[in-house]
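Breakdown of the fold
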Amino acid sequence: MKDALKYGMATVLHATWGMPQSLVGLSILAMTGRKAPHFRFRSAIVTEWRLRRGLSLGPFIFLPSRCPRRLLIHEYGHTVQALILGPLYLPIIVLPSLTWAGVPTFERRRLRKHVSYYSFYTERWANALAELVCDEPSMR
């Protein structure tokens, strides 16, 4: 009962305080189609998609199929960030994270200097929150 109350409150917060990212996540969910595998994880809806990277937008997590559980835990950390930051989640977390992940200059720099993708502030904070909330290890 305690978890149901927490997850219900999270759903209300995602639908109000976190509406911008929740709407984007819902749009992506609609585009993935009903045939894509879905399951619930805590207060999130997890969808397996064809991309090789994870993405978290409000209560919607998108993961590659057969990904490590640690990636699920990590992406749930982003869901917690969305609850904390509300409408600031997109500019403070999503845009910098997508830039860090997808801009070739940063990819080359990480490879050249042996820098972990998860050392960037958005990813490091998601890991810390996820491990605190889920009591499981996240990505490193």
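Report on the accompanying structure. None of these values were measured; they are calculated from a predicted model.

Moving on, we come to the packing of helix α1 (residues 2-15) against helix α3 (residues 69-85). At a closest axis distance of 9 Å, the pairing of α1 and α3 adopts a crossing angle of 65 degrees. You can see that α1 and α3 cross each other, and the crossing is left-handed. Every residue of α3 that contacts α1 at Ala10, Leu13 and His14 is listed here: Thr79, Ala82 and Leu83. Among the residues forming the contact of α1 with α3, the class breakdown is four nonpolar, two polar and no charged.

Scanning the entire structure with this criterion turns up six aromatic pairs. Between Trp100 and Phe106 the ring centres are 5.8 Å apart and the planes differ by 45 degrees, which places this aromatic pair in the tilted class. Exposure remark for Trp100: the relative accessible area of 7% places this residue in the buried category. Taking the centre distance of 5.1 Å and the plane angle of 90 degrees together, the rings of Tyr117 and Tyr118 count as edge-to-face. For Tyr117, a relative accessible area of 23% translates into the label partly exposed.

Moving on, we come to the sheet that holds strand β3 (residues 55-57). Across the sheet, which stays open at both edges, the four strands sit in the order β1-β2-β4-β3 with mixed pairing between neighbours. Every other strand in the sheet has two partners, leaving β1 (38-41) and β3 as the edge strands with one partner each. Taking each pair of neighbouring strands and ignoring which way they run, the sheet shows an average axis angle of 25 degrees. Two elements, strand β2 (residues 44-49) and strand β4 (residues 60-64), share five bridges in a ladder whose sense is parallel. When the sheet's bridge partners are listed, Thr47 is paired in β4 with Phe62. Where helix α2 (residues 19-32) meets the sheet, it contacts β1, β2, β3 and β4, and its direction lies at approximately 45 degrees from that of β4.

Glancing now at helix α6 (residues 121-134). With 14 residues, α6 extends 20 Å between its outermost C-alpha atoms, agreeing within 8% with the 20 Å of an ideal straight helix rising 1.5 Å per residue. Those residues of α6 that sit buried are Thr122, Glu123, Ala126, Asn127, Leu129, Ala130 and Cys134. In this structure, the buried residues of α6 make contact with β1, α3 and α4 (89-102). At the C-terminal side of α6, Asp135 shows a positive phi close to 55 degrees.

Counting buried residues in β4 gives five out of five residues, a clear majority hidden from the surface. Side chains Phe60, Phe62 and Pro64 of β4 all project onto a buried face; the interleaved residues Ile61 and Leu63 project onto the opposite face, where all are buried too. Direction of pairing for β3 relative to β4: antiparallel, over a ladder of three bridges. Considered in β4, the bridge of Ser56 is made with Ile61. Between β3 and the antiparallel strand that follows it, β4, lie two residues; Gly58 among them carries a positive phi value of about 60 degrees.

Criteria and thresholds
Residues numbered from 1 in each chain as written. Predicted model: local features only at pLDDT ≥ 70, side-chain atom pairs only at ≥ 80, totals over all residues. Heavy atoms only, no water. Axes fitted to C-alpha atoms, helices over the stretch in contact; angles between N-to-C directions. Helix = DSSP H or I, 4+ residues; strand = E, 2+ residues; numbered from the N terminus. Left-handed = near helix turned anticlockwise from the far one by under 90°. Contact = heavy atoms within 4.5 Å. Nonpolar A, V, L, I, M, F, W, Y, C, P; charged D, E, K, R; others polar. Phe/Tyr/Trp six-rings, centres within 6.5 Å; stacked < 30°, edge-to-face > 60°. Buried < 20%, exposed > 50% of the residue type's maximum accessible area, 1.4 Å probe, protein only. Pairing = 2+ DSSP bridges. Expected span 1.5 Å × (residues − 1).

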